[in-house]
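Notes for the structure review
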Amino acid sequence: MWEYSDIVKEHYKNPKNVGSIENADAIGEAGALACGDALKLYLKIKDGIITDAKFQTFGCGSAVASSSILTEMVIGKTVEEAKKITNKEIAEKLGGLPPEKMHCSVMGHEALEDALKNFEGGDDKTQTAVKSKDKIICNCFSITEKAIRDAIENHGAKTVKDITDLTYAGGACGRCRGNIQTIINTYNMETKNTKEELNNVQFILKVNSVIEKNIAPELTKDCGGIELINIEGKNVYVRLTGTCKGCRNSHLTLKNFVQAQLQEHVDSEITVTEVE
């Protein structure tokens, strides 16, 4: 049995701002009646400020509670402030939701996004671009790729089941599960590449720092110098300058001092090679 906070129970038993707004300035929809959950959100906006909000929803208690508290959250906010509201904030305002019911806060967030986009309008090209960015992955529950990535990035979803628990995506006909797995795989690859890039940058910065702070000052004492030319993996290529250049003991300087310093302070597997 799922545990609900007192706030969820209150908004379910006594929902706020139920109904519609005649001549609403913005209307947003999310979910699908055929699949059990649907929300229609109405907004009244004056001078860029949301002055009233009402909702009509069909769904479980969590859907009603999420919709109810969302209307309270947006009233009094500017359109720009409302844009920054996330489904995570909706759930937090309710004192938390069971993982299996997080999709209700997602539905509220998507209805709000839809309403604000409709309010701002735009030409057909703009609307097409917006729709392409919010590609529907799960047609049964109208769950977008953005919502799925949000579940991965902000809620720690790692598997298709996690996504289904958080958003409902893949919980009906199941045809979208392959696409959901592809999104998970793509995100994991992007994250891996980003980490590798950061690690490479950090490695280069550290090598450069040791050369500047530990190695160059010692070589300068004998009127010598060193320049970092390139780094490939753990192979560091340098150019010796001044008296160090062409010195018959330059190979000893490289191996016994330069390489030793880098191995001690950066990575024990570094090798140093002199280039002209």
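Conventions used here
Residues numbered from 1 in each chain as written. Predicted model: local features only at pLDDT ≥ 70, side-chain atom pairs only at ≥ 80, totals over all residues. Heavy atoms only, no water. Helix = DSSP H or I, 4+ residues; strand = E, 2+ residues; numbered from the N terminus. Buried < 20%, exposed > 50% of the residue type's maximum accessible area, 1.4 Å probe, protein only. Axes fitted to C-alpha atoms, helices over the stretch in contact; angles between N-to-C directions. Parallel < 35°, antiparallel > 145°, perpendicular 65-115°, else oblique. Contact = heavy atoms within 4.5 Å. Nonpolar A, V, L, I, M, F, W, Y, C, P; charged D, E, K, R; others polar. Pairing = 2+ DSSP bridges. Core = buried A, V, L, I, M, F, W, Y, C linked by side-chain atoms within 4.5 Å. Salt bridge = Lys/Arg side-chain N within 4 Å of Asp/Glu carboxyl O. Expected span 1.5 Å × (residues − 1).

The next point concerns the environment of Gly59. Here Gly59 is to be found in the loop between strand 3 (49-58) and helix 2 (61-74). In this structure Gly59 comes out as partly exposed when scored by relative accessible area, which is 38%. Distance in space between the C-alpha atoms of Gly59 and Leu39 is 8.3 Å, their sequence separation being 20 residues.

We now examine the packing of helix 1 (residues 6-13) against helix 2. Two elements in contact, helix 1 and helix 2, have axes whose closest approach is 8 Å; the angle formed by their N-to-C orientations is 90°. As far as their axial angle goes, helix 2 and helix 1 are roughly perpendicular. Residue-level inspection shows Ile7, Val8, His11 and Tyr12 of helix 1 in contact with helix 2, the latter providing Gly61, Val64, Ala65, Ser68, Ile69 and Glu72. Residues that form the contact of helix 1 with helix 2 fall into these classes: 6 nonpolar, 3 polar and 1 charged.

Next up on the list: the pairing of strand 6 (residues 224-232). On any regular strand, side chains alternate: one points to one face of the sheet, the next to the other face. Sheet analysis places strand 6 next to strand 7 (residues 235-242), joined by 8 bridges and oriented antiparallel. Its bridge partner lying in strand 7, Gly225 is registered against Thr241. Where strand 6 folds back on strand 7, the antiparallel hairpin that results is connected by 2 residues, among which Gly233 adopts a positive phi of roughly 65°.

Further remarks concern the nonpolar core. Judged by nonpolar contacts, the single largest core of 51 residues is most densely connected at Leu43, Val74, Leu112, Ile148, Ile152, Ile163 and Ile180. With 8 residues, helix 5 (residues 102-120) is the largest single contributor of residues to this core. If we ignore the near neighbours within four places in the chain, the residues touching Leu43 are Ile21, Ala24, Asp25, Ala26, Ile50, Asp52, Ala53, Val74, Leu112, Ala115 and Leu116. Residues Phe203, Leu219, Val236 and Cys244 belong to the second largest nonpolar core, which totals 19 residues.

Bringing the pattern of salt bridges into the picture now. Applying the stated criterion across every chain yields a total of 11 salt bridges. The partner of Glu10 in a salt bridge is Lys16, and the shortest N-O contact between them spans 3.6 Å. Residue class for Glu10 comes out partly exposed when judged on its relative accessible area of 38%. A salt bridge links Lys234 to Asp267, with the shortest nitrogen-to-oxygen separation between them at 3.2 Å. Of this pair, Lys234 sits in the loop between strand 6 and strand 7 while Asp267 sits in the loop between helix 10 (250-265) and strand 8 (271-274), and the two are 33 residues apart along the sequence. The class of Lys234 is partly exposed, set by a relative accessible area of 34%. The structure contains a network of salt bridges with shared partners spanning Glu80, Lys83 and Glu120.

Interhelical geometry of helix 7 (residues 145-155) versus helix 8 (residues 160-167) gives an angle of 105° and a closest axis separation of 10 Å. Compared by their axis directions, helix 7 and helix 8 come out roughly perpendicular. Contacts from Ala147, Ile148, Ala151, Ile152 and His155 of helix 7 reach helix 8 at Ile163, Leu166 and Thr167. For the contact of helix 7 with helix 8, a count of residues per class yields 6 nonpolar, 2 polar and no charged.

Across its 19 residues, helix 5 extends 28 Å between first and last C-alpha, which sits within 8% of the 27 Å expected from 1.5 Å per residue. In terms of burial, helix 5 is a largely internal element, 14 of the 19 residues being buried. Phi turns positive one or two residues past the end of helix 5, at Gly121, with a value near 65°.

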